[in-house]
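# Coordinate inspection notes
Spelled out, the chains give:
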Amino acid sequence: MENRKETRILRVDPAHPESAVIEAAAEVIKRGGTVAFPTETVYGLGADALDAKAVSEIFDAKGRPRGNPLIVHIASLAQGRGLVAHWPPAAELLARKFWPGPLTLILPRASIVPDEVTAGLPNVALRFPAHPVALALIEAGGTPIAAPSANLSGHPSPTCSAHVLADLAGKVDLILDGGPTEVGLESTILDLSRPRPVLLRPGGVSREALEAVLEKEIQLYPAVLQGVSGKNKEETGVAPSPGTRFKHYAPAARVVMVTGTPEQQADKIINYLAEHPGVRVGVLTTVENSSFYQAKGAAPAHLETLGSRRSPEEIANRLFSALRKCDEMGVDVILVETIPVAGIGLAVMNRLSRAAENHAL
Ligand code: AMP
Ligand code: MG
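Below or above, wherever it landed, is the structure these notes cover. (Residues numbered from 1 in each chain as written. Chains lettered and ligands numbered in written order. Predicted model: local features only at pLDDT ≥ 70, side-chain atom pairs only at ≥ 80, totals over all residues. Heavy atoms only, no water.)

Time to look at the packing of helix 12 (residues 312-328) against helix 13 (residues 345-355). Contact geometry of helix 12 with helix 13 gives a least axis separation of 9 Å together with a crossing angle of 30°. Taken together, the axes of helix 12 and helix 13 lie roughly parallel to each other. Of the two possible hands of crossing, helix 12 and helix 13 adopt the one that is left-handed. Residues Pro 312, Ile 315, Ala 316, Leu 319 and Phe 320 of helix 12 form the contact with helix 13, whose participating residues are Gly 345, Val 348, Arg 351 and Leu 352. (Axes fitted to C-alpha atoms, helices over the stretch in contact; angles between N-to-C directions. Helix = DSSP H or I, 4+ residues; strand = E, 2+ residues; numbered from the N terminus. Parallel < 35°, antiparallel > 145°, perpendicular 65-115°, else oblique. Left-handed = near helix turned anticlockwise from the far one by under 90°. Contact = heavy atoms within 4.5 Å.)

As structure tokens, then:
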């Protein structure tokens, strides 16, 4: 992958995207190029989902394993129905309730979807994003857009254009800068291709909200809270989901989850700092615990407050940029306070356990 590209950056109004900017980006998509663009979850790196060569550029730019399939972004239900072999009642129900929005549905694919997109799987992942820039780009491009997160494979997902630039400068054709993203974590992925729905990845739409609409319990894919799972079908009873096999969301520094009650977490962090004077430690804390460290005279190399325990949405929104910030500060270890796995807290803890590869204190 030696052909460095000239990466253009264009500012775009996130609420009312300028048509000239969208047209320029759509031109890149139409001629088989790659465009990073904001969605309500994180920035995506898009290419024409029906053009196998364009899609392969996404894998090259990210250094993404070809066995890890891509989510296809659509701008209407009709466009989505054209990409599947079967549209079950559950998909209709969920699409009507949560689309546009941070929910991805796995469905049997139509033959029009290239193997490169689905990694040869018989299913396709569909998402109808709720971001004016993403929607305008899909419409102007006149084609569904395959888009994983716009980061180097394995890195935390980008929540602003500076993160995209840091990872992908010289590797993509265009970056649309529409400011910071709203949710800050990727979409929820629900597999509807199996006899019963399985939550493959928690995200912007909570498991509880999905269960309320489907009026049944949704099975959690076993690896959701197990970090990178080496388990296979025989061990878990559920066929593996491709993305769970790969290291993900990880900054360069080692990430450690800090468990226990909020008070116990603070005590563990204070003790760790006292016992490791030579280690540059980053601490990602919550509002409730943040003053504790200063009060105890603890001085981590970098301290960042993610948000209040009463607002896990805020914590979700800041997590990835805080992990990147710790790398910028050159820390060796990042200690992260943990939160309950309710609502979007499940998505936060999923990303953390993956980033930490289950290292816990
Ligand atoms: P990312 O693009 O990095 O947000 O990752 C998308 C994830 O969606 C992948 O890692 C897979 O786990 C999942 N995914 C995409 N397409 C499929 C599919 N056809 N079947 C199962 N999982 C999929
Ligand atoms: Mg990703």
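A separate point is the pairing of strand 10 (residues 198-201). Taken together, the three bridges between strand 9 (residues 188-191) and strand 10 define a ladder with antiparallel strand orientation. Looking at the pairing, Leu 190 lines up with Leu 199 of strand 10. Between the end of strand 9 and the start of strand 10, which pair antiparallel, lie six residues. Summarising the sheet, strand 10 and strand 11 (residues 219-220) pair through two bridges and their orientation is parallel. Its bridge partner being in strand 11, Val 198 is matched across the sheet by Gln 219. Since strand 10 and strand 11 lie parallel, the crossover through helix 8 (residues 207-214) that links them has a hand, and here it is right-handed. (Pairing = 2+ DSSP bridges. Right-handed = clockwise from strand over helix to strand, strands pointing away.)

What the four strands build is an open sheet, ordered 12-15-13-14; its pairing is parallel. Where the open sheet ends on each side, the last strands, each with one partner, are strand 12 (254-258) and strand 14 (302-307). Adjacent strand axes in the sheet meet at a mean angle of 20°, parallel and antiparallel pairs treated alike. Strand direction decides the pairing type here: strand 13 (residues 281-286) and strand 14, joined by five bridges, are parallel. In the strand pairing of strand 14, Thr 286 is matched with Gly 307. In the packing of helix 10 (residues 262-275) onto the sheet, contacts are made with strand 12, strand 13 and strand 15 (333-337), and the angle to strand 15 comes to roughly 165°.

Once that is clear, we can look at helix 1 (residues 19-30). Think of an α-helix as turning once every 3.6 residues; residues three or four places apart then point the same way. Counted at 1.5 Å a residue, the expected span for helix 1 with its 12 residues is 16 Å, and the 16 Å between its end C-alpha atoms agrees. Considered for burial, the residues of helix 1 that qualify are Val 21, Ile 22, Ala 25, Ala 26, Val 28 and Ile 29. Viewed end-on, helix 1 has its buried residues packed into an arc of 155°, placing them on one side of the element. In helix 1, those exposed residues whose orientation departs by more than 90 degrees from the buried face are Ser 19 and Ala 20. (Expected span 1.5 Å × (residues − 1). Buried < 20%, exposed > 50% of the residue type's maximum accessible area, 1.4 Å probe, protein only. Arc of directions from axis to C-beta.)

So, on to the packing of aromatic side chains. Within the structure shown, the criterion is met by three aromatic pairs. Here the aromatic rings of Trp 87 and Trp 99 are separated by 6.2 Å at their centres, their planes lie at 45°, and the arrangement is tilted. Taken as a pair, Trp 87 in the loop between helix 3 (77-81) and helix 4 (89-98) and Trp 99 in the loop between helix 4 and strand 5 (103-108) lie far apart in primary sequence, 12 residues in all. With a relative accessible area of 17%, Trp 87 lands in the buried category. (Phe/Tyr/Trp six-rings, centres within 6.5 Å; stacked < 30°, edge-to-face > 60°.)

Let's shift gears to the sheet that holds strand 2 (residues 35-38). Reading across the sheet, the 11 strands line up as 1-8-2-3-7-4-6-5-9-10-11 and stay open at both edges, with mixed pairing between neighbours. Both outer strands of the open sheet, strand 1 (8-11) and strand 11, are each paired with one neighbouring strand and no more. Where strand 4 (residues 71-73) lies against strand 6 (residues 123-127), three bridges are found, and the strand directions are parallel. In the sheet register, Val 72 faces strand 6, and the bridge partner there is Leu 126.

If you trace the backbone, Thr 118 turns up in helix 5 (residues 115-118). For the pair formed by Thr 118 and Leu 70, sequence separation is 48 residues and the distance between their alpha carbons is 6.2 Å. Once you skip the residues sitting within four places of it in the chain, Thr 118 turns out to touch Pro 69, Arg 109, Val 113, Asn 123 and Val 124.

This model, assessed by the stated rule, comprises 15 salt bridges. Linking Lys 5 and Glu 57 is a salt bridge whose minimum nitrogen-to-oxygen distance equals 2.9 Å. A residue pair is termed long-range when its members are at least 10 positions apart, and Lys 5 in the segment before strand 1 and Glu 57 in helix 2 (residues 52-62) qualify at 52 residues. For Glu 57, a relative accessible area of 22% gives the class partly exposed. With a shortest N-O distance of 3.0 Å, Arg 309 and Glu 337 are connected by a salt bridge. Here Arg 309 is found in the loop between strand 14 and helix 12, whereas its partner Glu 337 is found in strand 15, with 28 residues between them in sequence. Each of Lys 5, Glu 57 and Asp 173 takes part in a single network of salt bridges with overlapping partners. (Salt bridge = Lys/Arg side-chain N within 4 Å of Asp/Glu carboxyl O.)

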